[in-house]
Amino acid sequence: MSRICFDKIKEFVDEYEMISPGDAVVVGVSGGADSVALLRFLTELREYFASGGDSLFSGDASLSGKDVLGISVVHINHMIRGEEADRDQSFVENLCNKLGVKCVVYKNDIPAMAKEKHLTEEEAGRLYRYECFEKQAAALEETRSGSGLPGRVHIAVAHNKDDLAETVLYNMIRGSSLFGLSGIRPVRDRIIRPLLLTSRRDIEEYLKDLGQDYITDSTNLVPDYTRNKIRLNIMPQLSEINDSAVDHMVDIAIDSWKLRDDINKETKSGYNKSEKSENEVRIEINRLLDLSELARGELVLSAMEAVCGRRKDITREHIFAVTGLTGLQSGKRVDLPYNMVAERVYDEIAIYTADEVAAAEGDLGFIEVSTFPYSDEVDLSKKEYTKLIDCDKIKTALCLRTAQEGDFIVINSQGGTKKLSRLFTDLKIERKDRMSVPVVVDGDEVVWIVGYRLSERYKVSHDTKTVAQIRYMK
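Residues numbered from 1 in each chain as written. Predicted model: local features only at pLDDT ≥ 70, side-chain atom pairs only at ≥ 80, totals over all residues. Heavy atoms only, no water.

Student: So, a nonpolar patch on the surface: which residues are in play, and what are the values?
Tutor: A cluster of nonpolar residues, Leu178, Leu259 and Leu294, forms a patch on the protein surface that exposes about 210 Å² of accessible area. Locating Leu259 in the fold gives a position in helix 10 (residues 245–267). By relative accessible area, which is 34% here, Leu259 ends up partly exposed. (Patch = residues over 30% accessible without salt bridge, like charges linked within 9 Å, V, L, I, M, F, W, Y side chains within 5 Å. Areas by Shrake-Rupley, 256 points an atom, 1.4 Å probe, with all protein chains shown as cover. Salt bridge = Lys/Arg side-chain N within 4 Å of Asp/Glu carboxyl O. Helix = DSSP H or I, 4+ residues; strand = E, 2+ residues; numbered from the N terminus. Buried < 20%, exposed > 50% of the residue type's maximum accessible area, 1.4 Å probe, protein only.)

Student: Lay out the packing of helix 9 (residues 226–241) against helix 10 with the relevant residues and their values.
Tutor: As a packed pair, helix 9 and helix 10 sit with axes 8 Å apart at the nearest point and diverge in direction by 105°. Here helix 9 lies roughly perpendicular to helix 10, going by the angle between them. Facing helix 9, whose interface residues are Met235, Leu238 and Ser239, helix 10 presents Ala245, Val246 and Met249. Residue classes in the contact of helix 9 with helix 10 are distributed as 5 nonpolar, 1 polar and no charged. (Axes fitted to C-alpha atoms, helices over the stretch in contact; angles between N-to-C directions. Parallel < 35°, antiparallel > 145°, perpendicular 65-115°, else oblique. Contact = heavy atoms within 4.5 Å. Nonpolar A, V, L, I, M, F, W, Y, C, P; charged D, E, K, R; others polar.)

Student: Let's hear about the nonpolar core: which residues, and what values?
Tutor: Residues Ile19, Val27, Leu39, Phe41, Leu42, Val73 and Leu164 are the most contacted members of the largest nonpolar core, which totals 53 residues. Once you skip the residues sitting within four places of it in the chain, Phe41 turns out to touch Phe6, Ile9, Lys10, Val13, Pro194 and Tyr206. (Core = buried A, V, L, I, M, F, W, Y, C linked by side-chain atoms within 4.5 Å.)

Student: Describe in detail the packing of helix 5 (residues 110–117) against helix 6 (residues 121–147), supporting the description with residues and values.
Tutor: Where helix 5 meets helix 6, the closest approach of the two axes is 8 Å, and the angle between their N-to-C directions is 105°. With respect to helix 6, the axis of helix 5 lies roughly perpendicular. Residue-level contacts link Ile110, Pro111, Met113, Ala114 and Lys117 of helix 5 to Glu121, Ala124, Gly125, Leu127 and Tyr128 of helix 6. Taken together, the residues of the contact of helix 5 with helix 6 break down into 7 nonpolar, 1 polar and 2 charged.

Student: Could you give an account of the packing of aromatic side chains, naming the residues involved and the relevant values?
Tutor: Under the defined criterion, the tally for this structure stands at 7 aromatic pairs. Considering the side-chain rings of Phe6 and Tyr48, the 6.1 Å spacing of their centres and the 55° angle between planes classify their relative orientation as tilted. Linking Phe6 in helix 1 (residues 2–15) with Tyr48 in helix 2 (residues 33–50), this pair joins segments that are 42 residues apart in sequence. Judged by its relative accessible area of 22%, Tyr48 falls in the partly exposed class. Seen from the ring of Tyr338, Arg310 lies directly overhead, with NZ or CZ sitting 4.4 Å from the centre. (Phe/Tyr/Trp six-rings, centres within 6.5 Å; stacked < 30°, edge-to-face > 60°. Lys NZ or Arg CZ within 6 Å of the ring centre and 35° of its normal.)

Student: Residues and numbers for the environment of Ala303, please.
Tutor: One can find Ala303 in helix 12 (residues 293–308). Residue classification places Ala303 among the buried positions, given a relative accessible area of 0%. Separated by 36 residues in the primary sequence, Ala303 and Thr267 have C-alpha atoms spaced 11 Å apart.

Student: Summarise the pattern of salt bridges; cite the residues concerned and give the values.
Tutor: One pass over the structure, following the stated rule, counts 25 salt bridges. With a closest N to O distance of 3.9 Å, Asp189 and Arg188 form a salt bridge. With a relative accessible area of 69%, Asp189 lands in the exposed category. Residues joined in a network through salt bridges with shared partners are Asp163, Glu166, Arg200 and Arg231.

By themselves, these observations are geometric and do not establish any function.
Take a look at the structure:
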């Protein structure tokens, strides 16, 4: 069974080009059956490469020993289970020592982190784990680069076939897009999952044949977390209905992988990074409407992921809300998870974080006001950030702020007015950028839209006796 299981996993690894001779792998090991099996597979794969068992390696004499496959273990002590967590750490450290593998341990108070970041302990633990994996991978890359070693650096995690089926079901329950049926992907960026099509039963048999023990996390046996409820309660009942239930859900996931790859080709380069901000992307509406409905949803989801860095908690309702902006007028917007906003901006949809607007609001700058008598020698030439007005027409005191609902400005000598919201539309100033436009007001009347327009009411004339000079500075 040991050799059969190794060959099966390696076939999957080769199919998705996960690991090549000369690469390095950061592997997360908790001490449970899945992660221990992953570690044992990788050490066996290293021996396989070293023996010249892979044609890719057989011609490269520059690699020897452990360089044929660098393995670095990361163990996370979540500080949740007290002595049991310390036991897990000792087990992993001893196993790594026995296998001749480097082990790095990270410890963090996950309950405290979850409370601080307003996350569940499950979410906080996952976030911290991947932060540690990425940190170790970056350090390993730097070390290998300095040593002149070839190959890529991967992060290997131990999701298995049962995890994949559970994720498909979980995504269906919480309301994901069709691509939620793909569950967990075999490869995503530098993250690889060699055991993804290996069942938990086969993993345990593999370890048994190797004579390798492992430990069980007691929290996995308690239905406190959503995934545990699915694993402990729902999946066994589905298997009673059909003992191939897991296989059928995995088949759907694999079909979804293939469909998603096809859709990704259709939506490639479908959105653009904004020139104004790193936290904003733009989708051309004509480009979006040219796609099939399924491809539209994936393009919008990819764009949101590019802004917030994740897909979790983004549901079909959010996707429909964004695509629905194509039928609305410019300026309409919808709120999204992770403090994001999607807005129809003329012939595009902009997706950005609300922090961009908040930052703009908090950086108005200031004005300096000075007065002097009017004379024919006063320079009335137009300057972008310095304006002269009739001081005697000031009713209260000049103030710098942003535009407010109902603001208007006098646009002609007859006293005709226009609302700032309409003027901003005419000038094609996007809604989210309007809060960064400074406005000088006299009480409730706009005197100057800085950088754009001065009120006709306050302009200097031959009847002016005293001039007020307003100078705007950031």
